[in-house]
Amino acid sequence: MGGKFGWEGFPFGFGPRAWGFRGGPRGARRRHWFGSGDMKYVILKLLRDKPRHGYEVMKDLEERMHGCYSPSPGTVYPTLQWLEDEGLVVARDVEGKKVYEITDIGRAFLDEHKDVVEDIFDRVTETVERTVGGSMVEVNRTLGQLVKAVYRTGWKADSDAARKRIAEILAKAAADVAELSKAPASNA
């Protein structure tokens, strides 16, 4: 892990923003969930459902992505501003918050680009399903429980010997899991 602490020291990114395998050499970039320019379609589709403020857009998108991706304010707010500048959304002050609502021009824009929008959501849904769906659900849930237990126990351990024992258990588990990839595939 070469001096990195916290989640960034792992080859898998944990947490809402990083459930993508980084792979490759240290510092390799994570997978991009959306292509360049996709976010405008994604946000417009969310606003077509109902008006939202920027924070709601971020939270709704994170929820739809099952925690695999959480857009940053630096992505969402400039996109909302661009959509407003283009007349695709309008911002209204509601109880001290800037709430964005899709305009008729925005609806027409979405209809005109329906194939692009569907492609984006199909691609992202498929990626999320591969990442956290199907048989990976149990693996991801158990991995999360393991990480939580390891850190909680490691921090509370009374001695370095206890922490060393945790590391030994993890090394054994890692070796056992790696052995599975060497075994012939079963039909189980």
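(A) How the structure looks around the overall build of the protein. Within the protein one finds seven helices and three strands. Excluding contacts between residues fewer than 6 apart, the proportion of contacts in the protein whose partners are at least 24 apart in sequence is 52%. Per element, the accessible surface of the protein, about 12,600 Å² overall, is 56% carbon and sulfur.

(B) Broad picture of the sheet that holds strand β1 (residues 52-53). If you walk across this open sheet you meet the three strands as β1-β3-β2, and the pairing is antiparallel. The outermost strands of the open sheet, each flanked by one partner alone, are β1 and β2 (89-94). Helix α1 (residues 38-49) rests against β1, β2 and β3 (97-102) of the sheet, and its axis sits at about 90 degrees to β3.

(C) Structural detail: the packing of aromatic side chains. Applying the stated criterion across every chain, the model contains one aromatic pair. Aromatic side chains Y41 and F109 sit 5.6 Å apart centroid to centroid with 10 degrees between the ring planes, which places their arrangement in the stacked category. You can see Y41 sitting in helix α1 and its partner F109 sitting in helix α4 (residues 104-112), a full 68 residues away along the chain. Taken as a pair, Y41 and F109 share a single burial class, namely buried.

(D) Spatial organisation of the packing of α1 against helix α2 (residues 54-64). In contact at an axis separation of 11 Å, α1 and α2 are set at 100 degrees when each is read in the N-to-C sense. In terms of orientation, α1 lies roughly perpendicular with respect to α2. Touching M39, V42, I43, L46, L47 and D49 of α1 are V57, L61 and R64, all from α2. Its residues assigned to classes, the contact of α1 with α2 comprises seven nonpolar, no polar and two charged.

(E) Representation of the nonpolar core in the model. One finds I43, L44 and L47 to be the most contacted residues of the largest nonpolar core, which totals 24 residues. Listing elements by their share of this core, those giving two or more residues are α1, α2, α3 (73-85), β3, α4 and α5 (114-132). The leading source of residues in this core is α1, at seven residues. Once you skip the residues sitting within four places of it in the chain, L44 turns out to touch L83, L88, V89, I102, G106, F109 and L110.

(F) Up close: unusual backbone geometry. We note that E95 has phi near 50 degrees; this positive angle belongs to a residue other than glycine. For E95, the position within the fold is in the loop between β2 and β3.

(G) Structural context of α1. Look at α1: 18 Å from first C-alpha to last across 12 residues, which is about the 16 Å you get at 1.5 Å a residue. Turning to α1, its buried residues number three or more, namely D38, M39, Y41, V42, I43, L44, L46 and L47.

What counts as what
- Residues numbered from 1 in each chain as written.
- Predicted model: local features only at pLDDT ≥ 70, side-chain atom pairs only at ≥ 80, totals over all residues.
- Heavy atoms only, no water.
- Helix = DSSP H or I, 4+ residues; strand = E, 2+ residues; numbered from the N terminus.
- Contact = heavy atoms within 4.5 Å.
- Areas by Shrake-Rupley, 256 points an atom, 1.4 Å probe, with all protein chains shown as cover.
- Pairing = 2+ DSSP bridges.
- Axes fitted to C-alpha atoms, helices over the stretch in contact; angles between N-to-C directions.
- Phe/Tyr/Trp six-rings, centres within 6.5 Å; stacked < 30°, edge-to-face > 60°.
- Buried < 20%, exposed > 50% of the residue type's maximum accessible area, 1.4 Å probe, protein only.
- Parallel < 35°, antiparallel > 145°, perpendicular 65-115°, else oblique.
- Nonpolar A, V, L, I, M, F, W, Y, C, P; charged D, E, K, R; others polar.
- Core = buried A, V, L, I, M, F, W, Y, C linked by side-chain atoms within 4.5 Å.
- Expected span 1.5 Å × (residues − 1).

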